Amino acid sequence: MEEKFQVGPDFPKLLDNNDPLGHFKQRFYIREGVIYMCGNSLGLASKDAEEGLLNAIEKWKEEGVKIWTVDDSKYYLYSSYLARLLVPIVGADEDEIAVTNTTTTNIHQVISTFYKPTSTKYKILVDDINFPTDRYAIESQVRLKGYDPKDAVKVVESINGKFLNEDDVIDAMSPDVAIVFLPAVYYRTAQVVDMEKVTNAAKERDILIGWDLCHAVGVLELDLKKLDSDFAVWCNYKYLNGGPGSAAALYINRKHFNLLPGMAGWFGNKSETQFLLRQEFDHQKDAGGWQIGTPNIFSMAPLEGALKMFKEAGISNIRKKSLHITKYLMYLIEAKLTKYGFTIGSYKEDSKRGGHVCLQHDEGYRISLALKDRKVVSDFRDPNVIRVTPTALYTSYSDVYEMVDILIDVMEKQSYLNFSLKLNLVV
Ligand SMILES: Cc1ncc(COP(=O)(O)O)c(C=O)c1O
């Protein structure tokens, strides 16, 4: 792939012609004229995902309750089936992954499992710029154990509310810290945290560590086996294109399979004895044992098609293109947009940048509305961040070029001034 970029309109066409992943775009549903730059929030529907869902509906229509047992009990064991497809994406063993619940529920699940506070080791170390649901879940788990979050939730301060300094996290790993829980990639700036450094530091201090991989999965080349953290959670609807509210996932390091889940339910029982319906919980000693209730098949089935497409494309090719196309976007921003007051709020270094570019402007909200009006879908995060996500599988270099052109037009005509400053319900 080209490394030296050019500002002209022919250059993106050249890049598109040499893009080994370019052909995947035609398998996605993209409305005529729309430039979709929001895969960091909700990935697009693909024909592959649709087929996964339609297959499940067909089985239900044909088989009724037998949907659970046909095809070697594929749908009864659907979490394991999808876990197999996630192996190359997250680098864990199949039995260390469960596809289940929502991310937030899974945070409750892992924290309630691993948080066993004592009088001397009872704090959970977090940061102050993570997506807030993580904090809400952790604080409520701390309260459930009888502690005051003001004391038991230790918060590492970020740099200017934007970036995390890994050394600050490590400095905060005092002997009273029981668990560290952090995101691998920040939802606002796309900063990639040095997971290895932080994980190793936690382990050296006898502290358990877990990661929120929501903005990392499907973008970074993850290797959970090598990382050897204690647990992780992630959603499957962003870069993995599993559909709105698709079932999330959790990772339990196999050294913890003997732990009892904090929130047990009958789908965490051993599959062999589940239907004996005994009153005693017979824990499945793998990540599947952290499932709770009946799998939400229709929230999982699109993921089957979406993950098969990822397998076909290969996560290393996806990371390579994602880095290249976001670099091209940043190049165009610097060449053409800085004069309108835009700045880049993401790291430029490949190793520190996830899948989106954080574009900052004081009028970010109205500009994002003006973009939507011009069929460019991005999103806005208060106070001044427009998140722009060219994805590896369905964004072309020409899309990026065109988006920047539209942005120039919006700024030249000041058309963003026609929009209200009142925040919409979903931004
Ligand atoms: C880092 C992070 N964690 C969690 C969530 C949301 O979790 P849930 O799937 O439970 O809505 C998000 C949503 O954007 C997120 O960015």
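Residues numbered from 1 in each chain as written. Predicted model: local features only at pLDDT ≥ 70, side-chain atom pairs only at ≥ 80, totals over all residues. Heavy atoms only, no water.

Our focus in this paragraph is the site of the ligand. Taken together, Thr102, Thr103, Thr104, Asn130, Phe131, Thr133, Asp134, Asp212, Cys214, His215, Tyr237 and Lys238 make up all the residues around the ligand. Taking Asp134, its side chain carries an N or O atom lying 3.4 Å from a nitrogen atom of the ligand. The side chain of His215 places a nitrogen or oxygen atom 2.8 Å from an oxygen atom of the ligand. Of all elements in the fold, only α5 (103–114) and α6 (132–144) reach the threshold of two or more residues within the shell around the ligand. (Near = heavy atom within 4 Å. Polar contact = N/O pair within 3.5 Å; in protein donor to acceptor, adjacent residues only side chain to side chain. Helix = DSSP H or I, 4+ residues; strand = E, 2+ residues; numbered from the N terminus.)

This next bit is on the pairing of strand β10 (residues 357–360). Neither face of β10 is left uncovered, since the one carrying Val357 and Leu359 and the one carrying Cys358 and Gln360 both have all their residues buried. Both strand β9 (residues 343–344) and β10 contribute to a ladder of two bridges, which runs antiparallel. Pairing of Ile344 across the sheet is with Leu359, part of β10. With four bridges connecting them, β10 and strand β13 (residues 385–388) associate as antiparallel partners. Looking at β13, one finds that Leu359 is bridged to Ile386. (Buried < 20%, exposed > 50% of the residue type's maximum accessible area, 1.4 Å probe, protein only. Pairing = 2+ DSSP bridges.)

Judged by pairing direction, the sheet is antiparallel, and its four strands sit side by side in the order β9-β10-β13-β12 without closing on themselves. Edge strands, defined here as strands with exactly one partner in the open sheet, are β9 and β12 (379–381). Across three bridges, β12 lies against β13 in antiparallel orientation. For Arg381, the partnering residue across the bridge sits in β13 and is Val385. Along the sheet, helix α13 (residues 315–337) makes contact with β9, β10 and β13, crossing β10 at roughly 15 degrees. (Contact = heavy atoms within 4.5 Å. Axes fitted to C-alpha atoms, helices over the stretch in contact; angles between N-to-C directions.)

A few words on a nonpolar patch on the surface. Together, Trp266, Phe275 and Leu277 make up an exposed nonpolar region whose accessible area comes to about 340 Å². Position of Leu277 relative to the elements: it lies in the loop between α11 (271–274) and α12 (297–313). A relative accessible area of 53% places Leu277 in the exposed class. (Patch = residues over 30% accessible without salt bridge, like charges linked within 9 Å, V, L, I, M, F, W, Y side chains within 5 Å. Areas by Shrake-Rupley, 256 points an atom, 1.4 Å probe, with all protein chains shown as cover. Salt bridge = Lys/Arg side-chain N within 4 Å of Asp/Glu carboxyl O.)

Moving on to the pattern of salt bridges. Applying the stated criterion across every chain, the model contains 32 salt bridges. Put simply, Glu58 and Lys61 hold a salt bridge, and the shortest N to O gap is 3.3 Å. Of this pair, Glu58 and Lys61 both sit in helix α2 (residues 47–63), three residues apart, roughly one helical turn. Between Asp379 and Arg387 there is a salt bridge whose closest N-O contact spans 2.7 Å. A single burial state applies to Asp379 and to Arg387, both of which are buried.

Its 12 residues give α5 an end-to-end C-alpha distance of 16 Å, which sits within 8% of 16 Å, the value for a rise of 1.5 Å per residue. Across the 12 residues of α5, nine count as buried, placing the element largely inside the fold. Listed as buried for α5 are Thr103, Asn106, Ile107, Gln109, Val110, Ile111, Ser112, Thr113 and Phe114. Tucked inside the fold, the buried residues of α5 contact β3 (123–127), α6, β5 (177–183), β6 (208–212), β7 (231–234) and β8 (249–252). (Expected span 1.5 Å × (residues − 1).)

This part is about the packing of helix α4 (residues 78–90) against α12. Each packed pair of helices is defined by two parameters, the angle between the axes and the distance between the axes. Axis separation between α4 and α12 bottoms out at 10 Å; the angle between their running directions is 30 degrees. Considering the angle they form, α4 stands roughly parallel to α12. Between α4 and α12 lies a crossing whose hand is left-handed. Counted together, Tyr78, Ser79, Tyr81, Leu82, Leu85, Leu86 and Ile89 of α4 and Ile297, Met300, Ala301, Leu303, Glu304, Leu307, Lys308, Phe310 and Lys311 of α12 form the full contact between these two elements. The class makeup of the residues in the contact of α4 with α12 is 12 nonpolar, one polar and three charged. (Parallel < 35°, antiparallel > 145°, perpendicular 65-115°, else oblique. Left-handed = near helix turned anticlockwise from the far one by under 90°. Nonpolar A, V, L, I, M, F, W, Y, C, P; charged D, E, K, R; others polar.)

With that out of the way, let us pick up helix α15 (residues 397–413). The terminal C-alpha atoms of α15 lie 25 Å apart, and with 17 residues this matches the ideal 24 Å at 1.5 Å per residue to within 8%. The set of residues buried in α15 consists of Tyr397, Asp399, Val400, Tyr401, Met403, Val404, Ile406, Leu407, Ile408, Val410 and Met411. The first or second residue beyond α15 is Gln414, which carries a positive phi of 55 degrees.

Time to look at the domain arrangement of the protein chain. Put simply, an interface is often sized by how much accessible area is lost when its parts join up. As far as domains go, the protein chain holds domain 1 (10–30 + 314–418) and domain 2 (50–312). Here domain 1 and domain 2 have C-alpha centroids that lie 29 Å from each other. Contact residues are listed per partner, giving 29 residues for domain 1 and 23 residues for domain 2. Together, the buried faces of domain 1 and domain 2 total about 2,300 Å²; carbon and sulfur atoms form 57% of this surface. When the area that domain 1 buries against domain 2 is broken down by residue, the three leading residues are Ile315, Arg319 and Tyr347, summing to 23%. (Domains from an automatic or database assignment. Buried area = accessible area lost by both parts, 1.4 Å probe.)

Taking strand neighbours across the sheet as the criterion, the seven strands line up as β2-β8-β7-β6-β5-β3-β4 in an open arrangement whose pairing is mixed. Taken across any chain shown, the strands that pair with only one partner, and hence form the sheet edges, are β2 (97–99) and β4 (153–156). With strand direction ignored, the average angle separating the axes of adjacent strands in the sheet is 20 degrees. When β3 meets β5, the two strands line up parallel, connected through three bridges. Of the residues in β5, the one forming a bridge with Ile124 is Ile179.

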